[in-house]
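Spelled out from the first residue to the last, the chains are:
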Amino acid sequence: MAKLFGTFGVRGLANVMLTPELAFKLALALATHLGEGKKVALGHDNRTSSEMLDEAVTAGLVAGGCDVVRLGVTPTPVLSFAVRHFSCDAGIIITASHNPPEYNGVKFWDNEGAGFIRERELEIESLVEKGGRRADWKGLGKVSEADAVAPYIRTRISQVPRFKKRLKVVVDCANATGTLVTPQILRELGCEVVSMNAQLDGTFPGRKLEPVPENLGELAKTVVACKADLGIAHDGDADRTLIVNEKGEILSGDRVFAIAANHYLQGRKSPKIITTVATSWVIDDIARKLGGSVVRTKVGEPEVVGEYRRTGGDLGGEENGGVLFFDVSLCREGIMTAIKFAEAVSSSGMKASELDAALPKYYQYKQRAECPNEMKQKVLHALAEKFSSYELDRKDGLRITFEDGWLLLRPSGTEPLFRCFAEARDSKRAEELVMLGMRELKSVIETQGH
Ligand code: MG
């Protein structure tokens, strides 16, 4: 059968690929996987299709004999929190994160509030295929409703001291779920909050949901116009955060991660940061400065969490602005990232731009080359031969370390292409590296194709 699970759970066009029927089957499969009498937290984002899918998932869980704690509209980090808060055996969030409004998704969480590992997803997939086990009338699950947002807000506020210096912060939640929590938490921590795109609206009229620079122009202008100290942007389910500094400049996910890390890990003994092969050297600079270390994994949140579970660590993160604070959660915590960044500005007395300027500057270039899926492994092998005189990391694609930069050649997991990503301390060198990568990539693809 077709592979249901992608990098972020099951995701597709709502009511086309991800139908209520499929949502029911997925939920029944989870109930079968867990066993009768188990308890599942269920939340959804505010897409137009989310309530429909929530009803179908609820029915599937009840039919399989699991109790359901329905949370209604919930940011993903709050769902992860709720699984533990309500002592559930698993969780489901219905969201398509940063995808356009016509999409939706179903993602499973374990009893510690971490995304399901690959093996469990595969088991769900095979149970969908076989058909789950239905409970008899006495064994049907019970449905209850609960609010996770208020306890989440109280908990996060209790974990962070009130800010010493009052900040003015513009928060742009893209008419999505982050608006239920982030503005209020920042207000209670002592910020003056200006909210934009703050009404929940499943058509997402304010901006596109992915927090990338091209979608954050209005936020940047608003920060400058309001003379705010910083701007905060979440994606659709608030597990990722990007920051705009007081000058209206948008910081990349790497920089947000690094600044949050530098602040969060102050005073820890040899802090260990877990990140992926796609993250900037600026993370290594921070770790070095703090007397700590960096461990790199394959790309993806489950990889970072998996490494933490195997070997421990203090902080995890990705280059896209997803940061994991292992002390508080095993889910990417966009809300905590926003709090910690704001706290860093408030407690340092420095401006957001100054915190950024205090870190070493790097330049990055990204390109891509088409490559048929069946050739990817051969191409990778040939590339490793070509670059064999350099220091290579082959965890995920090929990361080649040069004295003054690095290059990542990585096959896409979903599309027939290779990504080529270079970083260096100097802009010209970064461009040279990306061109070198593209040249070798194309020549290898050409040779392998014949
Ligand atoms: Mg997301």
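Rules behind the numbers
- Residues numbered from 1 in each chain as written.
- Predicted model: local features only at pLDDT ≥ 70, side-chain atom pairs only at ≥ 80, totals over all residues.
- Heavy atoms only, no water.
- Domains from an automatic or database assignment.
- Contact = heavy atoms within 4.5 Å.
- Buried area = accessible area lost by both parts, 1.4 Å probe.
- Salt bridge = Lys/Arg side-chain N within 4 Å of Asp/Glu carboxyl O.
- Polar contact = N/O pair within 3.5 Å; in protein donor to acceptor, adjacent residues only side chain to side chain.
- Donors = N, O, S within 2.8 Å, 3.2 Å for Na, K, Ca; no water.
- Buried < 20%, exposed > 50% of the residue type's maximum accessible area, 1.4 Å probe, protein only.
- Core = buried A, V, L, I, M, F, W, Y, C linked by side-chain atoms within 4.5 Å.

### So, the domain arrangement of the protein chain
On domain assignment, one finds that the protein chain holds domain 1 (10–148), domain 2 (167–357) and domain 3 (363–449). Listed as interface residues are 23 residues of domain 1 and, on the opposing side, 30 residues of domain 2. Both sides together, the interface formed by domain 1 and domain 2 hides about 1900 Å², and carbon and sulfur atoms give 58% of it. Along the contact surface separating domain 1 from domain 2 lie three salt bridges. Here Glu-112 ties to Arg-309 by a salt bridge, and the two come within 2.6 Å at their closest N and O atoms. Joining domain 1 to domain 2, the criterion identifies nine residue pairs in polar contact (both at pLDDT 80 or more).

### Observations concerning the coordination of the magnesium ion
At 2.0 to 2.2 Å from the magnesium ion lie its protein donor atoms, namely Ser-97 (OG), Asp-235 (OD), Asp-237 (OD) and Asp-239 (OD). Read in sequence order, the donor residues for the magnesium ion give the motif S-x137-D-x1-D-x1-D. Per residue, the accessibility class of Asp-237 equals that of Asp-239, and both read buried.

### Concerning the nonpolar core
In terms of nonpolar packing, the biggest core is built from 70 residues, with Ile-185 and Phe-341 touching the most fellow members. The residues touching Ile-185, leaving out its near neighbours within four places in the chain, are Tyr-152, Ile-153, Arg-156, Ile-157, Ile-335 and Ile-339. Listed in part, the 30 residues of the second largest apolar core include Leu-18, Leu-34, Ala-56 and Val-62.

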